[in-house]
Amino acid sequence: MGLTTSAEAPLPVGEVSRLIGGWVDRLGAVWVEGQITQLSRRPGAGVVFMTLRDPSYDISVSVTCYRQVFDAVADVVSEGARVVVRAKPEWYAPRGQLSLRATEMKPVGIGELLARLEMLKRSLGAEGLFALDRKKPVPFLPQLIGLVCGRASAAERDVLENARRRWPAVRFEVRNVAVQGVHAVPQVVQAVKELDELPDVDVIIVARGGGSVEDLLPFSDEQLVRAVAECRTPVVSAIGHEPDAPLLDLVADLRASTPTDAAKKVVPDVGEELDRVAGLRDRALRTVRGLLDREERGLAHALARPVMEHPRRMVEERETEVDALLARGRRVLGHLLDRADSELAHTRARVVALSPAATLERGYAVLQRADGAVVRSPEEVAADEELRARVSGGDFAVRVAADGVVPRP
């Protein structure tokens, strides 16, 4: 308001309220949509009082209108109905209260609601909130199930009774909320978030019985859809309804047609599982027995083979062959040794015949000089030179006679 104030020069409350009222009076009329709560039609009064509430948020505003404005739609409008109001903001200075003065009021028809839901559905679908690849699988046997439903409702009874009948040990964490009306959306959103934060909750079921399109509008609210999309825990939508499905069915990880169907899809039947286990056990037993029978037949067939009945026969047959080969080897080796011995004897005889010792045996002698050199010619010795004569029996010294050196003719 562009005022200059201070702790020493404050404005009175009435002045502040008057200034706010002057600023509000300059605001123009607006079209507002909301849900009617606390409708007051006093007999004989010319003004109707009501509260217009935003179904998605905990926000409401007071609305007043002249009786003739409300009478135009009184047959189709009551508490809980959605309306579109043309109103101008007003400031009631004595109480410091803001309200809306309605000059025109229109009910929101079913066709219009469905058209808006279709637009919201397309918008959220374009963001990928309904994509199949973001769906989380529901656990086979949840230990703790979160249940969001109306207090003492048929939906709660159907889920609890059917689930415990199927699996008596199953446990529930129940959150009772309003499932229609102006308080439904914030309470359902809060309950879903609380259950999602509990680490022991394996799956969350949001359940409600059937109802009209208006009754199911909270389960198509954008705030609830986004809250379910952000959940880390799998969410099951169990809204019994007409063919027009709420948007909660599309964003949930699993859709059930009714609360009873949700219990059947989330909780396995203990009898069916025992039958399945028994069937699998019988199948495994038949498989093992078949495998054992096949191996026994194979073993019997192997034992029936001649080599298994008489395992030493092959050794005995090979023993004869080994003996024959051993005898042959010995004969061949004997022949080779005899031939080598004969050749050695002949070679020895030749060596002996050609050796100097044999020559000496026949009476020959070898003369050697003092340095050991063999005398081969008379010219190699001198008169009176002492030589060594080597004969077969040993050696002895000789001396060359002075006239005994005669060269060979």
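Refer to the structure presented above.
### Here we look at a negative patch on the surface
A cluster of acidic side chains, namely Glu 316, Glu 317, Glu 319 and Asp 323, defines a negative patch on the protein surface. Inspection of the secondary structure puts Asp 323 in helix 11 (residues 313-354).

### Notes on the pattern of salt bridges
Scanning the entire structure with this criterion turns up 19 salt bridges. Salt-bridge contacts for Glu 386 lead to Arg 399; the nearest nitrogen and oxygen are separated by 3.7 Å. Pair noted here: Glu 386 is in strand 12 (residues 386-391) and Arg 399 is in strand 13 (residues 394-399), with a separation of 13 residues, a long-range link. Through salt bridges with shared partners, a single ionic network connects Glu 127, Glu 222 and Arg 226.

### Remarks on the sheet that holds strand 1 (residues 30-40)
The strand order around the closed barrel formed by five strands is 1-2-3-5-4, and the pairing between neighbours is mixed. With strand direction ignored, the average angle separating the axes of adjacent strands in the sheet is 55 degrees. Alignment of strand 1 against strand 4 (residues 82-92), held across six bridges, turns out to be antiparallel. Residue pairing in the sheet places Trp 31 in a bridge with Arg 86 of strand 4.

### What to know about the pairing of strand 2 (residues 47-54)
Bridge count for strand 1 against strand 2 is four bridges, and the pairing is antiparallel. What sits directly across from Ile 36, in strand 2, is Leu 52. If you look at the hairpin formed by strand 1 and strand 2, you'll find six residues sitting between the two strands, and Gly 44 has a positive phi there, around 80 degrees. Two elements, strand 2 and strand 3 (residues 59-66), share eight bridges in a ladder whose sense is antiparallel. Note on strand 3: the bridge partner recorded for Arg 53 is Ser 60.

### Notes on the packing of aromatic side chains
As enumerated under the stated definition, the model contains zero aromatic pairs in all. Sitting over the ring of Tyr 66, Arg 101 keeps its end group 4.9 Å from the ring centre.

### A closer look at the packing of helix 4 (residues 154-166) against helix 8 (residues 259-266)
In contact at an axis separation of 8 Å, helix 4 and helix 8 are set at 30 degrees when each is read in the N-to-C sense. One way to sum up the angle between helix 4 and helix 8 is to call them roughly parallel. With respect to the hand of their crossing, helix 4 and helix 8 are arranged in right-handed fashion. Residues Ala 155, Asp 158, Val 159, Asn 162, Ala 163 and Arg 166 of helix 4 form the contact with helix 8, whose own contacting residues are Pro 259, Thr 260, Ala 263 and Lys 264. When the residues that make up the contact of helix 4 with helix 8 are grouped by side-chain class, the tally is five nonpolar, two polar and three charged.

### Structural notes on a nonpolar patch on the surface
On the surface, a cluster of nonpolar side chains totalling about 460 Å² of accessible area is made up of Leu 299, Leu 303, Val 307, Met 308 and Met 314. For the nonpolar patch, the elements supplying multiple residues, two or more each, are helix 9 (270-303) and helix 10 (306-309). Inspection of the secondary structure assignment puts Met 308 in helix 10. In this structure Met 308 comes out as partly exposed when scored by relative accessible area, which is 45%.

Quick notes on the rules
Residues numbered from 1 in each chain as written. Predicted model: local features only at pLDDT ≥ 70, side-chain atom pairs only at ≥ 80, totals over all residues. Heavy atoms only, no water. Patch = residues over 30% accessible without salt bridge, like charges linked within 9 Å, V, L, I, M, F, W, Y side chains within 5 Å. Areas by Shrake-Rupley, 256 points an atom, 1.4 Å probe, with all protein chains shown as cover. Salt bridge = Lys/Arg side-chain N within 4 Å of Asp/Glu carboxyl O. Lys, Arg positive; Asp, Glu negative; His and termini not counted. Charge placed at Lys NZ, Arg CZ, Asp CG, Glu CD. Helix = DSSP H or I, 4+ residues; strand = E, 2+ residues; numbered from the N terminus. Pairing = 2+ DSSP bridges. Axes fitted to C-alpha atoms, helices over the stretch in contact; angles between N-to-C directions. Phe/Tyr/Trp six-rings, centres within 6.5 Å; stacked < 30°, edge-to-face > 60°. Lys NZ or Arg CZ within 6 Å of the ring centre and 35° of its normal. Parallel < 35°, antiparallel > 145°, perpendicular 65-115°, else oblique. Left-handed = near helix turned anticlockwise from the far one by under 90°. Contact = heavy atoms within 4.5 Å. Nonpolar A, V, L, I, M, F, W, Y, C, P; charged D, E, K, R; others polar. Buried < 20%, exposed > 50% of the residue type's maximum accessible area, 1.4 Å probe, protein only.

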